[in-house]
Amino acid sequence: MTQSNIINVQHISKQFKDQKALRDLNFTIKAGEIFGFLGPSGAGKTTTIKILTGQMKQSSGFASVLNVSTDKINENIYEQIGIVTHNSGLYDKLSVYKNLEIFSKLLNVQTSKIDETLKKVGLFEDRKKNAGKLSQGMRQRLVLARAVLHSPKVLFLDEPTSGLDPSTQVEIHRLIRELRDKGTAIFLTTHNMEEAEKLCDHLALLNDGKIVETGTPQEIRLNHNKKKRYKILLKNNEELVLSQSEETVQKINWWMTSNELVTIHSCEPTLETVFLEVTGRNLI
Ligand SMILES: Nc1ncnc2c1ncn2[C@@H]1O[C@H](COP(=O)(O)OP(=O)(O)O)[C@@H](O)[C@H]1O
Ligand SMILES: [Mg+2]
């Protein structure tokens, strides 16, 4: 394993009683990288996060986080990792500030870091509000603030923007990129192909516990761009989608020279289309 691999997963499988939830997963994540696990509900995303954060044991295979084997993870690692999941509870009766203060004490973080983090996630003005009175988007920003308060080297995000409004999603994406740019290794799960496309440096498509495709979002789309197609708009408002062929080239040539062509775009497959092609099912 090279030094820069913060997360290292080799042949990880997980069997629940009568069900194989993960099948021979292999991947690595480096510092300053957002690695996305894109898959539908039930694919095994949360199970993978639980194994990598020491909350559940794999049935076979080896995985390490910051050079610690997941078999040996104990609470010491929580000083170096941050986790955002859907059951990341908040103390509803306590203020936004107090929620962070409790964690700052547990993790030996200077209290000055609390205001700094609250400003970063846009909750500074709301610091005296009780957590129970926050909107869903504000709660998620508070959970994220708590997960990054101690500047962890690794951040696990389980569907961090699921169910949030678009502007909060954008805000959370900005924060995640900022952390990546500072060198945090980020493992993010999502069933949202747009989020995967926009945010992740590397992706693994997960279906039924198995990685069916990996690469950068662009690599994955272009690898599946076998049938090249073009979307064309003509002056007479006619819209056409044509496949690559000798005839198409001649037609385009003609429309161009006769000034009939208004717009032309190549249609690469989306991650959703790739997923459907590889697995026969949709992402949701
Ligand atoms: N504790 C558990 N016991 C038994 N089966 C489980 C348990 N946790 C998850 N599973 C099963 O494993 C599969 C993957 O679940 P999960 O990792 O939660 O998927 P995802 O997060 O991608 O929606 C599902 O079929 C789920 O029912
Ligand atoms: Mg899940």
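Residues numbered from 1 in each chain as written. Chains lettered and ligands numbered in written order. Predicted model: local features only at pLDDT ≥ 70, side-chain atom pairs only at ≥ 80, totals over all residues.

Undergrad: Report on the site of ligand 1, specifying residues and quantitative values.
TA: Neighbouring ligand 1 are Phe16, Gln19, Ala21, Gly39, Ser41, Gly42, Ala43, Gly44, Lys45, Thr46 and Thr47. At 3 residues, the largest contribution of residues to the shell around ligand 1 is made by helix 1 (residues 45–52). (Near = placed C-beta within 6 Å. Helix = DSSP H or I, 4+ residues; strand = E, 2+ residues; numbered from the N terminus.)

Undergrad: Which residues make up the sheet that holds strand 12 (residues 239–243), and what are the values?
TA: Either a parallel or an antiparallel arrangement is found when strands of a sheet pair, and the pairing is made through backbone hydrogen bonds. Taking strand neighbours across the sheet as the criterion, the 3 strands line up as 12-11-13 in an open arrangement whose pairing is antiparallel. At either end of the open sheet lies a strand with only one pairing partner, and these are strand 12 and strand 13 (261–266). Here the average twist between neighbouring strands, direction ignored, is 20°. Where strand 11 (residues 229–234) lies against strand 12, 5 bridges are found, and the strand directions are antiparallel. Residue Ile232 lies in a different strand from strand 12, and its bridge partner there is Leu240. (Pairing = 2+ DSSP bridges. Axes fitted to C-alpha atoms, helices over the stretch in contact; angles between N-to-C directions.)

Undergrad: I'd like a description of the sheet that holds strand 7 (residues 154–158), backed by residues and values.
TA: Pairing is mixed in the open sheet, where 6 strands are placed in the order 6-7-8-3-9-10. Each of the sheet's edge strands pairs with one partner strand only, and the pair in question is strand 6 (81–84) and strand 10 (210–215). Strand-to-strand, the axes of this sheet are offset by a mean angle of 15°, without reference to chain direction. The pairing of strand 3 (residues 34–38) with strand 8 (residues 185–190) spans 5 bridges and is parallel. Within the sheet, the bridge partner assigned to Phe35 lies in strand 8 and is Phe187. Helix-sheet contacts for helix 1 involve strand 3, strand 7, strand 8 and strand 9 (202–207), and the interaxial angle to strand 7 is about 150°. (Contact = placed C-beta atoms within 7 Å.)

Undergrad: Provide a residue-level description of the nonpolar core, including the pertinent values.
TA: Among the nonpolar cores identified, the biggest contains 60 residues, and Ile7, Ala145, Phe156 and Ile186 are the most heavily contacted of them. It is helix 4 (residues 136–148) that contributes the most residues to this core, 6 residues altogether. Not counting residues up to four positions away in its chain, the partners in contact with Ile7 are Thr28, Ile29, Leu52, Val65, Val154, Ala185 and Phe187. (Core = buried A, V, L, I, M, F, W, Y, C linked by C-beta atoms within 7 Å. Buried ≥ 20, exposed ≤ 12 C-beta atoms within 10 Å, placed from the backbone.)

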